[in-house]
Amino acid sequence: MQLRTLTSLAALAALTAGGANADVIFSEDFTGFTGSGFASAPAAGQLDSDTFRATGLSDGSGSFGGNHTSGDFARGSSAGGIGTGGIYAFDIGGGDVALGVQPGGSDFTPGTIQVQFAYSGIGLVSLQVDFDIAVYNDQARGNSFELTSIDVAGNEILGAAVGLTSAESADGSPAWAVFAQSTGSIATTVNNGDVITLTFTGDDDSGGGSRDEFALDDIEVSGVLTPEPGSLALLGLSGLMVARRRRG
């Protein structure tokens, strides 16, 4: 007797998990943000505080659903190279606006930017978070900016921080540098109505003096839908080994 595999189980699993079964469940590119703060009923140029908040600033920590539209929370627009600590809308090149921060001695060292939303839809079996970090390395201090937590309905699913640390030595001709980041696919269970919270953390790392600027852009959270019963049946069949009797 000779055994043969009808379909590769690994190949079919990859097809089920990766292609048409993956959905983007949240995205934000900060188009239209002008650094005017956070509000529960945001005006033009503001971010929705039901979704975004900043903590660790000298003016305090923002709250989800609160109104924070002055001081450190609303430093306005800039192309970088500034010194006053707080939250900005940074143009990181070609008009691409990102949610930015200028850390200082009492601002964002440490501090966080949090993103929170409720998932609505069919259950998920995995999550992936992709985002960009932009750095304006104009100071002789190294600072970190990382995704440090993914909380799903009170459960932490991120195994290790994802992000970067700026160089301690300043660039000779500072300019924005953008770095794509990804958690890769994380197996988890997400049910309809579950609240997902992403926490991005910044802090001092090395050196002294003033600090580089950082910006967060192009956040995309995607998930793999729970396979439908027909898909599960097909996946199970793919692992069967069929015996074929050979004659002669």
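Let us look at the structure shown here.

What follows deals with the packing of aromatic side chains. Summed over the entire model, instances satisfying the criterion amount to ten aromatic pairs. With a centroid separation of 5.6 Å and 55° between ring planes, the pair formed by Phe30 and Phe52 is classed as tilted. In this pair, Phe30 is assigned in the loop between β2 (22–28) and β3 (38–39) and Phe52 in strand β5 (residues 52–55), connecting sequence segments 22 residues apart. Put simply, the rings of Phe108, Phe131, Phe145, Phe200 and Phe214 touch in pairs and so form one group of aromatic residues.

Our focus in this paragraph is the environment of Thr226. Along the chain, the position of Thr226 falls in the loop between β17 (213–225) and α2 (229–237). For Thr226, the contacting residues outside a window of four places in its chain are Gly123, Leu124 and Val125.

Before going further, it helps to spend a moment on the environment of Ala161. Relative to the helices and strands, Ala161 resides in the loop between β12 (155–156) and β13 (162–165). On the accessibility criterion, Ala161 (43% relative accessible area) is partly exposed.

A separate point is a negative patch on the surface. Taken together, the side chains of Asp29, Asp96, Asp218 and Glu220 present a region of like negative charge at the surface. Residue position: Asp29 is located in the loop between β2 and β3. Among the residues examined, Asp29 registers a relative accessible area of 37% and is labelled partly exposed.

Now for the nonpolar core. In this structure, Phe131, Phe145, Ile150, Ile196, Leu198 and Ile219 are the most contacted members of the largest nonpolar core, which totals 42 residues. Sort the elements by how many residues they give to this core and strand β10 (residues 124–136) lands first, with six residues. Dropping the residues within four chain positions of it, Phe131 is found in contact with Leu147, Val162, Phe179, Ala180, Gln181, Phe200, Leu216, Asp217, Asp218 and Ile219. Counting residues in hydrophobic clusters, the runner-up holds eight residues, among them Phe90, Ile92, Tyr136 and Trp176.

This model, assessed by the stated rule, comprises three salt bridges. Across the salt bridge formed by Asp72 and Arg75, the nearest N and O atoms sit 2.6 Å from each other. Residue Asp72 is classed as buried on the basis of its relative accessible area of 2%. A salt bridge links Asp204 to Arg211; the shortest N-O distance between them is 2.7 Å. For Asp204, a relative accessible area of 27% translates into the label partly exposed. Given the relative accessible area of 12%, Arg211 is considered buried. One salt-bridge network, in which partners are shared between bridges, spans Arg141, Asp204 and Arg211.

So, on to unusual backbone geometry. In this structure, the amide linkage connecting Thr109 to the following residue, Pro110, adopts the cis form with an omega of 5°. In this model, Phe30 sits at a positive phi of 65°, which is unusual for a non-glycine residue. Looking at Phe30, the relative accessible area reads 1%, which means it is buried. One non-glycine residue, Ala153, lies in positive phi territory at about 50°. Considering the arrangement of structural elements, one finds Ala153 in the loop between β11 (141–152) and β12.

Cut-off values and rules
- Residues numbered from 1 in each chain as written.
- Predicted model: local features only at pLDDT ≥ 70, side-chain atom pairs only at ≥ 80, totals over all residues.
- Heavy atoms only, no water.
- Phe/Tyr/Trp six-rings, centres within 6.5 Å; stacked < 30°, edge-to-face > 60°.
- Helix = DSSP H or I, 4+ residues; strand = E, 2+ residues; numbered from the N terminus.
- Contact = heavy atoms within 4.5 Å.
- Buried < 20%, exposed > 50% of the residue type's maximum accessible area, 1.4 Å probe, protein only.
- Patch = residues over 30% accessible without salt bridge, like charges linked within 9 Å, V, L, I, M, F, W, Y side chains within 5 Å.
- Areas by Shrake-Rupley, 256 points an atom, 1.4 Å probe, with all protein chains shown as cover.
- Salt bridge = Lys/Arg side-chain N within 4 Å of Asp/Glu carboxyl O.
- Lys, Arg positive; Asp, Glu negative; His and termini not counted.
- Charge placed at Lys NZ, Arg CZ, Asp CG, Glu CD.
- Core = buried A, V, L, I, M, F, W, Y, C linked by side-chain atoms within 4.5 Å.

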